[in-house]
Amino acid sequence: ALLGALRTQALRSEEEAALAARSQPWQGLDLTAVKVENVSDANITVVEMKVATEQVYNAFFSGISNGPPEQQALSSLAVTVGNTTRNALFVHNDVGDCTGCPTLTMRLTGDAADLTFTLEPFRYGVATVPVTFVSTAPWSTEGASLSLELDIIVLPVNDPPMANVPVWIGIAEDSEPLQLADFVTGITVGPANEGWQRPIFTVQSAPDTPGLLAAMEGYELGAAISSAGTLALAVASGLHGVITLTIGLRDSGGSALGGLEHAVNFPKVAHVKVFPRPRITSVTPCVGPFGAGRTVTIFGQYFGSDYTAPPTGYDQEALSITVGDEACEDVQFMSDTKILCRLPYGQGRRAVTVTLHGGTANNMLGAPLSNWSRSASLATGVEAVQVLYGGGVVSASSPSRSSLLALGPVTETATDAELLEMRTCVEWNVTESTAGTDTTVGTDATRVCTRIGWNRNYSAPTARVVSGLPTVKSIRAIAHYKGRVYLGGSFTLDDSFQHRSKFYLATWDGSQLQSVGAGLEGTLYALEPFMGGLVVAGAFLQVYPDGDTSSPGIRTGGLASWDGTRWSLVGSQPLMGVVTCAAAVGDRLYVAGRFSTVGDVRASNIAQFDGSAWTPLGTGLVSRDVWSIAANDVGVFVGGDFTIAGGVAVLNLARWDPARAEWTGMRAINGVVRALAAFGARLFVAGDFSMAGTTPVTSIAQYSAVATGDVQWVPVGAGVIGGSVFSMRKIKDCIYIGGVFSAVADTDGVKPAENVARWCVNATHRASERFDPVRGVSLPGAQVLAIAEMADEI
C-alpha cells in the first residue's frame, strides 16, 4: 500500500511539472551564439574543382542554442535548405536531379549542422543557398524560425592551354612571305568555362644562315604565331638554310590560386627548312642544230645532295628539265652540280628550266601546310640554229679587223607572220559536223587543232651577231663536227701572241672558245668533215698537239686532220703548200690552193684523196687562187681566179668529170668566183662578176648542169646590189649567200639586206623563187666570209 501511494504521488508530480512548463512563456529560437566556421556572414569560398569530389564541412553551423536549457530539453530544432540558385555549379545525375546540391544535417547534439555539396568540375560562380532553422515544442502551436542565405563562392582556377605543333616543314628559297594557317592545331585554352581566354604564342627564331629571316609588314624581324595558330614567316631572297623555332604557349587566365597558365610540354621545337633553288651556271653545248636527241650538259648547283634532301620519311625529290615549253628527255642526274639530258626539237633560243619537285609538309591533323618544289631557269639556255655565219668587221677603231660570228634563225626578231609559219598546228582533231564546216577536210566535217608544234620545213630569215668573242681578225671557216662548232681563220684569242694555242682554230660551245690541241701556226681557210675526222686546210706548215711551246709540232703542210683528240696527216706525207678550199664528195676529198705536190704525187693546185692515196686531177690548174669546190652528179666544179684547167682555157670556173678524167670549160665568168653551191642538177656561182657567159648578172648566177651541151646561165633574181658575195652554202631547200652588200633584188623589187640573204628553191615552180634578206648581220664594216650548216648529224 505504501509503494502504491508513492507511485501515485510521483505521477501526480510529473503532471504538475508538465502543466507548470506549459504555463511558462516560450523563449523562442536563440541563434545569437551560432558560429560559422571559416565563413563571414554565412559565406563560403571554395576553388573550382577539376574532378567531382564531395565536400563536407562538419559543424559548419555550430554553437546553436535553442533557448534556455529547460526549453532545449523539451523542444526540437531542425534545418531546411531551399532552392539553390545556379545549381548548375553542382553535380546532376543523368535524369537532371541535382544530386550534388548543398545539404545541411543537424547533429544529434542539436547544437551544430554539417554542410555537404559536390561541385561540377570546371564550373565557377556564386550559388545562393536559402537556409531555415525551425524550433518546435510538442505541446505548443507556436514555434520559432530563423532564415538566412548562404553564399557558396566558387573561384576559378586556370587550366593550362594545349596545342599541337609540327616538328618540321619545308619551303623553297625566295618564297613569298608566309601566312601558314593551321600551322598550330588543337589549340585550347582549357575547359569550356575558360573560353574567354586567349592563347598567347611566343616564338624564338634561330636561323643557321645569317640574315635568313626577313622582316614582314606588321611583324618584328623573325617568326610569329597568331592566337589562331597561323605562322607568319618571311625569308630573305637568295638565302637558304634551317630556321629553328622554339615555341612557347600560355593563356590569359593567369596563375592565381595555383592556376596553370603555361602549356604542359612546352616550349616545343619546330624546324623550317628553306630549300635552295637550283642554280644553272651554264649549258654546254648551248648552241646546236634544230633536231631532237642532242645531249647537253647542264652545270650549276643544288641539283640534289644530302643538303637539299628532305628528312627521312619524305619521298625523294623528282627532277625534271624543260627546254622552252617541252620536256627534255632521258634526264640523267650526275651530281649536285651536273645533269645530262637530250633536247627536244626546236628553233631559236629557249630557256632551260630545272625543277625539283618537292614534297608536302602537313600539320598535325594531316592537312597540307607547305610545299618545297622549286625551279630555276637560264633564259639564254640553249639555242637551236640552222646557219652559222663567220667573217670580220673593219672599222675606224679596229682597222686590223675584229672577228664576226653570227647565227640564225633568231625567234626573238621574227615577225608575227614568220612566227605563225614557224609554230603551226601539227595535230588536228577532225569530227563530223553539220555546223562550222571546214572545206579543207570535207563539207560535213570540222577540225580543231589539238597540238601546236614546230614547222620543220621553215625557219625565219633572221640572225644575231654573237657579242663578246675574245678574238681579233677574221673567221674564215666554220664546221659542225661531233656536236661541236669549230671556227678557223686568221684570228687569235688575244693580242698577246704569247700562247700559240690561241691561234687560228677553236671550238665554240655557244658561250666560250677553247683551243684545239695547241693550234696552228698559220691562217686557216677551210674546215671539212671527212671519213670520221675534221680536215683542216690553210697556210701553215705544222700543227701542235699541246700547249707546251717547247714540244715539237707535227709537220703536216697546209692540210691536217683532227679526230677530236689528236692531230694526224691526211695521207702518209705532208702536203707542202697552201690549201684554200676543200670539199668531201662521197668517199673522195678534193682540195685546191697553191701547191705543186702532195706527198710524192705531182699535182698542180688541185688533188683528190680516196682515204689512202692522193691522185691529181689531170694536169691541174694554172691559177692565182682557187676559192671554192662543189660537186653534183655531173661533176666537180672549181671556182676562183684562174685561166687554165687541165690544159683547157677557162675563165675562173671549170668542171672536172671524174668518169672521163677530163676538164671542161663552162663559159667565161668575167670576175673572181668566190663561192659555189650545187643544188641537185643546178649550180649556183657567186663572187665579183657581172657576166656569166653572155648573160648579164650581178655577182650571182645559176645554171642547170647537164652531161652534154652548152652551158646556159640564168640570173638569180636581179642579183646582189652594192657589193660582193664571199661565201655561199646550200642549207635545206635554200641557198644562203654572204659577203658585203646592202640589197638583193628579184621580181618583187629591191630588198634591203644586211650582208646575208637566201634564195629558196622550188623545184616545181621556179617562177615563185625569191630572195629573202636575212636580218641581223648589220654591223658597219661587216664582211661575211663563211657560212656553215648546223646539221643534225655530221
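You'll find the structure just up there.
Here goes a summary of the coordinates provided. Model, not experiment: these values are computed from the prediction.

**As for the sheet that holds strand β67 (residues 771-773)**
And then number 1: Spatially, the 4 strands line up as an open sheet ordered β62-β63-β66-β67, and their pairing is antiparallel. Each end of this open sheet is capped by a strand with a single partner; those strands are β62 (724-731) and β67. Across the sheet, the mean angle from the axis of one strand to that of its neighbour is 25°, orientation sign disregarded.
And then number 2: Strand direction decides the pairing type here: β62 and strand β63 (residues 734-740), joined by 7 bridges, are antiparallel. Its bridge partner being in β63, R729 is matched across the sheet by Y736.

**Describing unusual backbone geometry**
And then number 1: Here the residue pair F266 and P267 is connected by a cis peptide bond, since its omega of 5° sits within 30 degrees of zero.
And then number 2: Along the chain, P267 turns up in the loop between β16 (241-251) and β17 (268-275).
And then number 3: Along the chain, T284 connects to P285 via a cis peptide bond; the corresponding omega equals -15°.
And then number 4: Mapped onto the elements of the fold, P285 is located in the loop between β18 (279-284) and β19 (287-288).
And then number 5: Even without being a glycine, D174 presents a positive backbone phi close to 65°.
And then number 6: Among the structural elements, D174 can be located in the loop between β10 (168-172) and β11 (178-180).
And then number 7: Assessed through its relative accessible area of 32%, D174 is described here as partly exposed.

**Some remarks on the pairing of strand β66 (residues 756-760)**
And then number 1: Extensive coverage of β66 is indicated by the burial of 4 of its 5 residues.
And then number 2: With 3 bridges joining them, β66 and β67 adopt antiparallel strand pairing. Following the sheet pairing, A757 is matched in β67 by P773.

**A few points about the sheet that holds strand β68 (residues 782-789)**
And then number 1: Taken together, the 4 strands give an open sheet; going across it, the order is β33-β30-β29-β68, and neighbouring strands pair in antiparallel fashion. Strands at the two margins of the open sheet, each flanked by one partner only, are β33 (464-465) and β68.
And then number 2: In the sheet, strand β29 (residues 387-393) pairs with strand β30 (residues 402-408) via 7 bridges, with the strands oriented antiparallel. Bridge pairing in β30 places G391 opposite L404.

**Overview of the state of the cysteines**
And then number 1: One pass over the structure, following the stated rule, counts 4 disulfides.
And then number 2: Shown here is the disulfide that connects C425 with C449, its sulfur atoms set 2.2 Å apart. Disulfide C425 to C449: torsion about the S-S bond roughly 110°, handedness right-handed. With C425 in strand β31 (residues 423-432) and C449 in strand β32 (residues 445-454), this pair connects stretches of sequence that are 24 residues apart.
And then number 3: The residue that forms a disulfide with C734 is C760, at a sulfur-sulfur distance of 1.9 Å. Linking C734 and C760, the disulfide has an S-S dihedral of approximately 90° and is accordingly described as right-handed. Taken together, the residues span a long stretch of sequence, with C734 in strand β63 and C760 in strand β66 at a distance of 26 residues.

**Brief notes about the pairing of strand β44 (residues 577-585)**
And then number 1: The element β44 is largely enclosed, with a buried count of 7 among its 9 residues.
And then number 2: Bridge analysis of β44 against strand β45 (residues 588-595) gives 8 bridges, and the strand direction is antiparallel. When the sheet's bridge partners are listed, V579 is paired in β45 with G593.
And then number 3: Where β44 folds back on β45, the antiparallel hairpin that results is connected by 2 residues, among which G586 adopts a positive phi of roughly 65°.

**Some words on the nonpolar core**
And then number 1: In this structure, V283, I298, I478, L487 and W508 are the most contacted members of the largest nonpolar core, which totals 34 residues.
And then number 2: Aside from chain neighbours lying at most four places away, what touches V283 is V296, T297, I298, V352, L378, G381 and V382.
And then number 3: In this structure, L178, L212, L233 and W372 belong to the second largest nonpolar core, which totals 31 residues.

Parameters at a glance
- Residues numbered from 1 in each chain as written.
- Predicted model: local features only at pLDDT ≥ 70, side-chain atom pairs only at ≥ 80, totals over all residues.
- Heavy atoms only, no water.
- Pairing = 2+ DSSP bridges.
- Helix = DSSP H or I, 4+ residues; strand = E, 2+ residues; numbered from the N terminus.
- Axes fitted to C-alpha atoms, helices over the stretch in contact; angles between N-to-C directions.
- Buried < 20%, exposed > 50% of the residue type's maximum accessible area, 1.4 Å probe, protein only.
- Disulfide = S-S within 2.5 Å.
- Core = buried A, V, L, I, M, F, W, Y, C linked by side-chain atoms within 4.5 Å.
- Contact = heavy atoms within 4.5 Å.

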